[in-house]
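Architecture at a glance
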Amino acid sequence: MGNVFALGLVSLLTDISSAMVNPLVPVFLIVTLGVSPLTLGLIEGLAESVGGLLKVVFGYASDRVRRRKGFAALGYAISASGKLILAFAGSWGRVLAARMTDRFGKVVRTAPRDALIVESTAPEQKGRAFGLQRAMDAAGSVIGVLIAYLVLLNAAGQVKTVFTWAIVPAVLSVLVMLLFVREGKRP
(Lines give C-alpha, C1' and ligand atoms only; values in the text may rest on other atoms or scores of the structure.)
Protein backbone atom coordinates (compact mmCIF):
# COMPACT_ATOMS: atom_id res chain seq x y z
CA MET A 1 0.00 0.00 0.00
CA GLY A 2 3.05 2.30 0.20
CA ASN A 3 3.02 2.89 -3.53
CA VAL A 4 -0.70 3.61 -3.46
CA PHE A 5 -0.21 6.11 -0.63
CA ALA A 6 2.58 7.83 -2.60
CA LEU A 7 0.33 8.00 -5.67
CA GLY A 8 -2.44 9.38 -3.46
CA LEU A 9 -0.07 12.05 -2.18
CA VAL A 10 0.82 12.94 -5.77
CA SER A 11 -2.90 13.29 -6.54
CA LEU A 12 -3.46 15.35 -3.39
CA LEU A 13 -0.70 17.81 -4.31
CA THR A 14 -1.77 18.00 -7.96
CA ASP A 15 -5.37 18.69 -6.98
CA ILE A 16 -4.29 21.35 -4.50
CA SER A 17 -2.54 23.10 -7.36
CA SER A 18 -5.43 22.65 -9.80
CA ALA A 19 -8.08 23.74 -7.30
CA MET A 20 -6.07 26.86 -6.59
CA VAL A 21 -6.14 27.99 -10.23
CA ASN A 22 -9.14 26.45 -12.01
CA PRO A 23 -11.89 28.52 -10.32
CA LEU A 24 -9.88 31.71 -10.88
CA VAL A 25 -9.07 31.27 -14.57
CA PRO A 26 -12.46 32.65 -15.72
CA VAL A 27 -12.12 35.60 -13.34
CA PHE A 28 -8.62 36.32 -14.64
CA LEU A 29 -9.70 36.06 -18.27
CA ILE A 30 -12.83 38.20 -17.99
CA VAL A 31 -11.90 40.73 -15.31
CA THR A 32 -8.14 41.13 -15.81
CA LEU A 33 -7.71 40.42 -19.51
CA GLY A 34 -11.16 41.58 -20.61
CA VAL A 35 -11.99 38.61 -22.83
CA SER A 36 -15.54 37.84 -23.83
CA PRO A 37 -17.49 34.87 -22.46
CA LEU A 38 -17.24 33.38 -25.97
CA THR A 39 -13.43 33.45 -25.78
CA LEU A 40 -13.57 31.92 -22.31
CA GLY A 41 -15.75 29.11 -23.67
CA LEU A 42 -13.39 28.61 -26.60
CA ILE A 43 -10.37 28.33 -24.28
CA GLU A 44 -12.02 25.83 -21.94
CA GLY A 45 -13.58 23.87 -24.81
CA LEU A 46 -10.27 23.49 -26.63
CA ALA A 47 -8.47 22.51 -23.41
CA GLU A 48 -11.01 19.82 -22.59
CA SER A 49 -11.03 18.58 -26.19
CA VAL A 50 -7.33 17.78 -25.95
CA GLY A 51 -8.16 15.40 -23.13
CA GLY A 52 -11.07 13.74 -24.80
CA LEU A 53 -9.25 13.09 -28.04
CA LEU A 54 -5.98 11.74 -26.68
CA LYS A 55 -6.91 9.58 -23.66
CA VAL A 56 -6.90 6.34 -25.59
CA VAL A 57 -3.56 7.10 -27.24
CA PHE A 58 -1.61 7.44 -24.01
CA GLY A 59 -3.37 4.56 -22.26
CA TYR A 60 -2.41 2.37 -25.20
CA ALA A 61 1.15 3.70 -25.25
CA SER A 62 1.54 3.02 -21.54
CA ASP A 63 0.35 -0.56 -22.05
CA ARG A 64 2.74 -1.10 -24.96
CA VAL A 65 5.84 0.37 -23.29
CA ARG A 66 4.91 -0.96 -19.82
CA ARG A 67 6.84 1.79 -18.05
CA ARG A 68 3.94 3.35 -16.27
CA LYS A 69 5.91 5.47 -13.82
CA GLY A 70 7.68 7.30 -16.66
CA PHE A 71 4.41 8.13 -18.41
CA ALA A 72 2.75 9.21 -15.16
CA ALA A 73 5.73 11.34 -14.10
CA LEU A 74 5.84 12.95 -17.55
CA GLY A 75 2.13 13.74 -17.31
CA TYR A 76 2.47 15.33 -13.88
CA ALA A 77 5.48 17.35 -15.09
CA ILE A 78 3.54 18.57 -18.14
CA SER A 79 0.64 19.65 -15.91
CA ALA A 80 3.05 21.46 -13.59
CA SER A 81 4.50 23.32 -16.57
CA GLY A 82 0.96 24.40 -17.45
CA LYS A 83 0.75 26.08 -14.04
CA LEU A 84 4.06 27.81 -14.73
CA ILE A 85 2.79 29.11 -18.09
CA LEU A 86 -0.37 30.36 -16.39
CA ALA A 87 1.57 32.22 -13.70
CA PHE A 88 3.27 34.27 -16.42
CA ALA A 89 0.29 34.61 -18.76
CA GLY A 90 -0.55 38.11 -19.88
CA SER A 91 -2.80 37.28 -22.79
CA TRP A 92 -5.66 34.91 -23.49
CA GLY A 93 -3.43 32.99 -25.92
CA ARG A 94 -1.03 32.13 -23.11
CA VAL A 95 -3.92 31.14 -20.87
CA LEU A 96 -5.08 28.84 -23.67
CA ALA A 97 -1.57 27.36 -23.91
CA ALA A 98 -1.48 26.88 -20.13
CA ARG A 99 -4.89 25.20 -20.00
CA MET A 100 -4.12 22.92 -22.95
CA THR A 101 -0.76 21.99 -21.44
CA ASP A 102 -2.40 21.18 -18.11
CA ARG A 103 -5.12 19.05 -19.72
CA PHE A 104 -2.58 17.29 -21.94
CA GLY A 105 -0.59 16.40 -18.83
CA LYS A 106 -3.71 14.92 -17.27
CA VAL A 107 -4.27 12.78 -20.36
CA VAL A 108 -0.70 11.49 -20.27
CA ARG A 109 -0.74 10.62 -16.55
CA THR A 110 -4.21 9.22 -15.79
CA ALA A 111 -4.19 5.74 -17.36
CA PRO A 112 -0.61 4.94 -16.29
CA ARG A 113 -1.33 6.14 -12.75
CA ASP A 114 -4.39 3.91 -12.54
CA ALA A 115 -2.38 0.98 -13.92
CA LEU A 116 0.29 1.63 -11.27
CA ILE A 117 -2.38 1.42 -8.58
CA VAL A 118 -3.68 -1.87 -10.01
CA GLU A 119 -0.18 -3.32 -10.31
CA SER A 120 0.73 -2.24 -6.76
CA THR A 121 -2.31 -3.75 -5.07
CA ALA A 122 -3.46 -7.23 -4.13
CA PRO A 123 -6.73 -8.17 -5.86
CA GLU A 124 -8.73 -8.05 -2.63
CA GLN A 125 -7.52 -4.51 -1.86
CA LYS A 126 -8.13 -2.77 -5.19
CA GLY A 127 -11.30 -1.03 -3.98
CA ARG A 128 -9.50 0.26 -0.90
CA ALA A 129 -6.54 1.42 -3.01
CA PHE A 130 -8.65 3.38 -5.47
CA GLY A 131 -10.77 4.71 -2.60
CA LEU A 132 -7.65 6.05 -0.87
CA GLN A 133 -6.37 7.65 -4.05
CA ARG A 134 -9.74 9.27 -4.80
CA ALA A 135 -10.13 10.46 -1.19
CA MET A 136 -6.72 12.13 -1.30
CA ASP A 137 -7.59 13.62 -4.68
CA ALA A 138 -10.82 15.07 -3.25
CA ALA A 139 -9.04 16.36 -0.15
CA GLY A 140 -6.61 18.18 -2.44
CA SER A 141 -9.52 19.97 -4.10
CA VAL A 142 -10.80 21.24 -0.76
CA ILE A 143 -7.36 22.23 0.50
CA GLY A 144 -6.52 23.98 -2.77
CA VAL A 145 -9.60 26.19 -2.65
CA LEU A 146 -8.85 27.11 0.98
CA ILE A 147 -5.23 27.96 0.16
CA ALA A 148 -6.32 30.06 -2.83
CA TYR A 149 -8.77 31.93 -0.60
CA LEU A 150 -6.08 32.65 2.00
CA VAL A 151 -3.60 33.78 -0.66
CA LEU A 152 -6.22 36.07 -2.22
CA LEU A 153 -6.94 37.61 1.20
CA ASN A 154 -3.26 38.30 1.80
CA ALA A 155 -2.46 39.39 -1.76
CA ALA A 156 -5.20 42.03 -2.03
CA GLY A 157 -7.13 39.93 -4.53
CA GLN A 158 -4.25 39.47 -6.97
CA VAL A 159 -5.19 36.34 -8.91
CA LYS A 160 -1.72 36.03 -10.45
CA THR A 161 -0.27 35.59 -6.95
CA VAL A 162 -2.45 32.51 -6.51
CA PHE A 163 -1.30 31.20 -9.89
CA THR A 164 2.31 31.63 -8.80
CA TRP A 165 1.80 29.85 -5.47
CA ALA A 166 0.03 26.98 -7.27
CA ILE A 167 3.36 26.06 -8.85
CA VAL A 168 4.67 24.86 -5.45
CA PRO A 169 2.32 21.88 -4.93
CA ALA A 170 2.52 21.07 -8.66
CA VAL A 171 6.31 20.75 -8.48
CA LEU A 172 6.09 18.82 -5.19
CA SER A 173 3.74 16.33 -6.86
CA VAL A 174 6.35 15.64 -9.55
CA LEU A 175 9.07 15.20 -6.92
CA VAL A 176 6.96 12.75 -4.91
CA MET A 177 6.21 10.85 -8.11
CA LEU A 178 9.88 10.60 -9.04
CA LEU A 179 11.24 9.85 -5.56
CA PHE A 180 8.61 7.66 -3.90
CA VAL A 181 6.55 5.86 -6.54
CA ARG A 182 7.88 2.56 -7.84
CA GLU A 183 6.98 0.63 -10.96
CA GLY A 184 4.25 -1.89 -10.14
CA LYS A 185 4.49 -5.63 -10.51
CA ARG A 186 3.11 -6.59 -13.89
CA PRO A 187 0.60 -9.44 -13.93
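First, a word on scope: everything that follows refers to the structure included in this document. (Residues numbered from 1 in each chain as written. Predicted model: local features only at pLDDT ≥ 70, side-chain atom pairs only at ≥ 80, totals over all residues. Heavy atoms only, no water.)

1. Describing the overall build of the protein chain
For the record, the criterion: Elements are defined by DSSP. Helices are runs of H or I of four residues or more, strands are runs of E of two residues or more, and each kind is numbered from the N terminus. Within these notes, the globule rule equals 2.2 Å times the number of residues to the 0.38 power, and the radius of gyration is based on C-alpha atoms. Contacts are residue-level and defined by heavy atoms, with any inter-residue pair within 4.5 Å sufficient. Note on areas: Shrake-Rupley, 1.4 Å probe, and residue coverage restricted to the protein chains presented here.
The helix and strand inventory of the protein chain stands at eight helices and zero strands. Its helices and strands taken in sequence order, the protein chain reads α-α-α-α-α-α-α-α from the N to the C terminus. Taking 187 residues into account, the globule formula puts the C-alpha radius of gyration at 16 Å, and the protein chain, at 17 Å, falls close to it. Principal-axis analysis of the C-alpha atoms places the extent of the protein chain at approximately 55 × 35 × 25 Å. Looking at the protein chain alone, contacts between residues at least 24 apart form 81% of all its contacts between residues at least 6 apart. Per element, the accessible surface of the protein chain, about 9,100 Å² overall, is 70% carbon and sulfur.

2. Examining the pattern of salt bridges
Heads up, the rule is: Salt bridge, as applied in this entry: a Lys or Arg side-chain nitrogen positioned within 4 Å of an Asp or Glu carboxyl oxygen. With a 1.4 Å probe rolled over the protein chains alone, any residue whose accessible area is under 20% of its type maximum counts as buried; one over 50% counts as exposed, and the rest are partly exposed.
Summed over the entire model, instances satisfying the criterion amount to seven salt bridges. The closest approach of N and O atoms between Lys83 and Asp102, which form a salt bridge, is 2.9 Å. In this pair, Lys83 is assigned in helix 4 (residues 68–87) and Asp102 in helix 5 (residues 92–119), connecting sequence segments 19 residues apart. Neither residue differs from the other here; Lys83 and Asp102 are each classed as buried. When the shortest N-O distance is used, the salt bridge between Arg134 and Asp137 registers 2.8 Å. Of this pair, Arg134 and Asp137 both sit in helix 6 (residues 126–154), separated by three residues, roughly a single helical turn. Assessed through its relative accessible area of 47%, Arg134 is described here as partly exposed. Judged by relative accessible area, which is 10%, Asp137 ranks as buried.

3. Remarks on the nonpolar core
Put simply, the test is: Remark: nonpolar core denotes a set of buried residues (Ala, Val, Leu, Ile, Met, Phe, Trp, Tyr, Cys) joined through side-chain atoms within 4.5 Å.
Among the nonpolar cores identified, the biggest contains 25 residues, and Met20, Val25, Leu29, Leu86, Val95, Val162 and Phe163 are the most heavily contacted of them. Sorting the residues of this core by element identifies helix 1 (2–21), helix 2 (25–32), helix 3 (37–65), helix 4, helix 5, helix 6 and helix 7 (159–165) as the ones contributing at least two each. If one sorts the elements of this core by residue count, helix 1 sits on top with four residues. Leu7, Val10, Ala129 and Val176 belong to the second largest nonpolar core, which has 17 residues in total.

4. Some thoughts on the packing of aromatic side chains
How we decide: Pairing of aromatic rings covers Phe, Tyr and Trp, the last through its six-membered ring, and needs centres within 6.5 Å; plane angles under 30 degrees mean stacked, over 60 mean edge-to-face, and all others mean tilted.
Across all of its chains, the model carries one aromatic pair by this definition. Measuring from centroid to centroid gives 5.4 Å for Phe28 and Phe163, while their planes differ by 80°, and the two rings are edge-to-face. Here Phe28 is found in helix 2, whereas its partner Phe163 is found in helix 7, with 135 residues between them in sequence. The same class applies to Phe28 as to Phe163, namely buried.

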